[in-house]
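Read off the chains here:
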Amino acid sequence: MVRVSAWCAAAVMTLAGGSMTMAQLEASLQEGVKVEADRPVNGGAETQTVNVNGAMLPLTFAEQRDNGDTLYRLIPGDHPHRDKVGAMEFVITPRVRVELAQGVAPAVLSRGYGAGFDNLRVYNGRRFVTFVAATGADAIAMADQMRADARLLHADLLVRGQRQPMGGGDPIPTQFGDRQITATDFPFQWHLFNDGFFENAVAGNDIDIAPAWNAGFFGLGQTVLVVDDGIQTDHPDLAPNFSINGSFDSFFETPNPVHKVFGEGHGTACAGLIAAKDEGRGTGGVAPDATLTAYRVDFDNSTAEEFEAAHTFAQAINGITSNSYGVSGPDVQTVVAQLPVSELSAFEDGIANGRGGLGTIYVKAGGNDRGFTIEGEEFARDDASYDGFANLRYTISVAASDTRGIFSSFSEPGGVHIVNAPSSSFPIDEGDPMNPDDDMPIFQQGIVTADVESIVAGPGDIPGSITTGSFGGTSASCPIVSGVVALMLEANPNLTWRDVQWILAETADQTDPGDAGWTQVRDASVFDADRPVFYNNNYGFGRVNAGNAVRLAEVWNNVPVEIEETYDTNIRNPVPIPGPAPGPFGPIERPVTFTFDVDDSEIDEVQHVEFLLDLTHARTGELRITLTSPDGVEHLIRSRDTDFGSGYRYTFTAVKYLGNDIDGLWTLRVIDEEVNPGNPDNPNGFITDATLNFYGIESRPLNADCNEDGLEDANQIALLEEFTDCDNDG
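The model shown is predicted, which means the values in this text are computed figures rather than measured ones. (Residues numbered from 1 in each chain as written. Predicted model: local features only at pLDDT ≥ 70, side-chain atom pairs only at ≥ 80, totals over all residues. Heavy atoms only, no water.)

A. View of the overall build of the chain. Within the chain, the regular secondary structure consists of 12 helices and 35 strands. Residues classed as buried in the chain amount to 55% of the 730 residues present. Counting only contacts in the chain whose residues sit at least 6 apart along the sequence, the fraction spanning at least 24 positions is 71%. Accessible surface, the chain: about 29500 Å² in total, of which carbon and sulfur atoms supply 51%. (Helix = DSSP H or I, 4+ residues; strand = E, 2+ residues; numbered from the N terminus. Buried < 20%, exposed > 50% of the residue type's maximum accessible area, 1.4 Å probe, protein only. Contact = heavy atoms within 4.5 Å. Areas by Shrake-Rupley, 256 points an atom, 1.4 Å probe, with all protein chains shown as cover.)

B. Here's a closer look at the nonpolar core. By size, the foremost hydrophobic cluster in this structure holds 128 residues, and its most contacted members are Trp213, Ile396, Val481, Leu504, Leu613, Trp666 and Phe694. With 11 residues, the top contributor of residues to this core is helix α9 (residues 474-491). Excluding residues that lie within four positions of it along the chain, Phe694 makes contacts with Ile563, Glu564, Glu565, Tyr567, Val598, Ile603, Val606, His608, Val609, Ile662 and Trp666. Membership of the second largest hydrophobic core comes to 27 residues, among which are Phe61, Phe131, Ala143 and Leu152. (Core = buried A, V, L, I, M, F, W, Y, C linked by side-chain atoms within 4.5 Å.)

C. Structural context of a negative patch on the surface. Where like charges cluster on the molecular surface, the negative patch consists of Asp597, Asp599, Asp600, Glu602, Asp604, Asp631, Asp661 and Glu698. Along the chain, the position of Asp597 falls in strand β29 (residues 592-598). Asp597 sits in the exposed class, given a relative accessible area of 57%. (Patch = residues over 30% accessible without salt bridge, like charges linked within 9 Å, V, L, I, M, F, W, Y side chains within 5 Å. Salt bridge = Lys/Arg side-chain N within 4 Å of Asp/Glu carboxyl O. Lys, Arg positive; Asp, Glu negative; His and termini not counted. Charge placed at Lys NZ, Arg CZ, Asp CG, Glu CD.)

D. Just the side chain of Asn391, in detail. Counting through the fold element by element, Asn391 comes out in the loop between β20 (377-379) and β21 (395-401). Setting aside residues up to four positions removed in sequence, Asn391 forms contacts with Ala384, Ser385, Val416, Tyr650, Thr651, Phe652 and Thr653.

E. Representation of the sheet that holds β29. The 4 strands are arranged β29-β34-β31-β32 in an open sheet whose pairing can be described as antiparallel. Every other strand in the sheet has two partners, leaving β29 and β32 (634-637) as the edge strands with one partner each. Each neighbouring strand pair of the sheet contributes to a mean axis angle of 15 degrees, computed without reference to strand direction. Relative to β32, strand β31 (residues 623-628) runs antiparallel, the two being bridged by 4 bridges. Within β32, the residue paired with Ile625 across the bridge is Ile637. (Pairing = 2+ DSSP bridges. Axes fitted to C-alpha atoms, helices over the stretch in contact; angles between N-to-C directions.)

F. Just the sheet that holds strand β22 (residues 417-422), in detail. One open sheet accounts for 7 strands, arranged β15-β16-β14-β17-β18-β21-β22; its pairing is parallel. Of all strands in the sheet, those with a lone pairing partner are β15 (248-249) and β22, marking the two edges. Relative to β21, strand β18 (residues 361-365) runs parallel, the two being bridged by 4 bridges. The residue of β21 that forms the bridge with Ala365 is Val398.

G. Expanded view of the packing of aromatic side chains. Per the counting criterion, the structure on display carries 30 aromatic pairs. Measuring from centroid to centroid gives 4.9 Å for Tyr535 and Phe541, while their planes differ by 80 degrees, and the two rings are edge-to-face. Accessibility assignment for this pair places Tyr535 and Phe541 in one class, buried. Following the ring pairs from residue to residue traces out a cluster consisting of Phe299, Phe307, Tyr325, Phe347, Tyr362 and Phe389. Geometry around Phe218 places Arg179 over its ring, the cationic atom sitting 4.2 Å from the centre. It is Arg393 that lies over the ring of Tyr695; its NZ or CZ is 3.6 Å from the centre. (Phe/Tyr/Trp six-rings, centres within 6.5 Å; stacked < 30°, edge-to-face > 60°. Lys NZ or Arg CZ within 6 Å of the ring centre and 35° of its normal.)

H. Quick peek at the pairing of β31. Counting buried positions along β31 gives 5 out of 6 residues, so the element sits mostly inside the fold. In the sheet, β31 pairs with strand β34 (residues 664-672) via 6 bridges, with the strands oriented antiparallel. From the neighbouring strand, Leu623 faces β34, where its bridge partner is Asp672. Connecting the antiparallel pair β31 and β32 is a turn made up of 5 residues, with Gly632 showing a positive phi of about 85 degrees.

I. Expanded view of the side chain of Gln501. Considering the arrangement of structural elements, one finds Gln501 in helix α10 (residues 497-507). Side-chain polar atoms of Gln501 contact the backbone oxygen of Arg393, separated by 3.1 Å. (Polar contact = N/O pair within 3.5 Å; in protein donor to acceptor, adjacent residues only side chain to side chain.)

Function cannot be read off these values alone, since they describe shape.
Here's what the structure looks like:
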């Protein structure tokens, strides 16, 4: 006989002194008693029917291995050519992967089943843990018992070598150049490699990290400041890259930005996506060799002063700032979220003086207040253009998309987004193809990243867990792009803030091409002369492509000095904003129209277009605003049903016109969507100023042409053509 754990027994086990009833077995489980079994484990040809994750298979014991794996062979007894088919091999590991019921602590189960546990993860609120038996044979018996345990929702055997990606393709690579990725949760980080494994996921909807890593770029020498609720500075994934030099706690005014309030942890998740070290336990970041710093704010008590200071904090150290937060409180969807002048000045200082004059790179979450649709009508909708930070031309605003490449259900649209990046999602709008009955939301897989390490084991707790699989929002998308920027700056540290934005836009991937919001804004991209440039308020220029961004950064020649041109309407008397007029088939909109005739501009390629509006209105949320270029490309600021503001003086930004000539007639329209409740002929408000600002360059210098064939090497990279290595850097 051999000694095996109590959970290896069936309902009644034969013992040396008699039999054990189910009640006795349950009692032994609570005590963790070891009992003896007559079943052969290390030898013999015992055949048994085994539940291999739902498939009932007749398996014959073949071999017990020293690492605990147990080899079985499946001999299909009813196969007409059994003698020719041979036996399929199943290597059953000692590990059983289970889902815990709500409130169940794994430590209690560990004592009951006499098994250790590890690999604790949370995905969209669902908690999973792996229990470890002595052998694969023991795991089979333990799994059978666990399937009848109400404290566990699922129990699956882990069969070595049987997991294949859904959607086909090769296994996720872990070797990149000379570097081996060993982070245990790396295979689940679909934003880096989406192999279609998760439910509803579409393979390939990721950030295409492999070319950047294969080229040897991991963010070395770049420092990213995480402006958030702090980070767990001793987290196993973050500690190797964390630096207290360049960090600060603005509330307690200390250099240590560690979480100090129960429930904080958002910053740790963001930091993990940027630069978690890709070895050992847990996850890997987009830029696993970058340095992490943190600026802790107390979100409940901070004012604009703390954030203002963050924008310029330790400029000589922090070249990139990652900002996964947004407007909250009474400003959400209620009024325009203006930046205080002092905070705007701080941004301007960072642009002028950060990174030795090249400009601090500000990356910002695009916002989670998209709203929802009921019976075709939208409610609580917002637009990222009303967020003073996301709307700033100095900012890389980031939208979110899910495992399918479709914009996330919460992600705000807006003509300020440069790119989108992966995040979670669930369909709440009518007509989502994944939710045809419009009934229960179908959650898309969240982002797998670092989590604040649990220490105390309580109901629902997973002590020792350092990873979460349910992180989401544009809070997740933002740090992913921050990590990509770190890779770009390692490849070319001389890029200015304007170059970084330009490169991200030129190399982004168009996702969800069937979405009606896509507009072609240019015939050819700088990166690929055969690929037109598109823009969509839901997606920006497309999903960030790390590989292409780094490849273009390597050969990029910086854009020349910026040119600014302003065109004013010189309004002398306030212009009334009329509501719709009654019509035979419904209200007829009456837009207020301003035209700007741009002729012989010094700007050959525009980068940012701003338009200032100074207006009063009974309810500014009723206003829809459009700007149309000479080529007919429209920039939309949608109305907001919950915006009850009475006016603003605000400068909106449009990024979609990147690289275009500005000569011609520009048209700005302000449309009131609601009829004046008193008298339709009476205006609901007045416009006192409308101004158009252009920022661009005289002409963009050609990027490197090392082989002197008249083609920019950037395009040759895109076409996978070889070119001469001018600087001999490989």
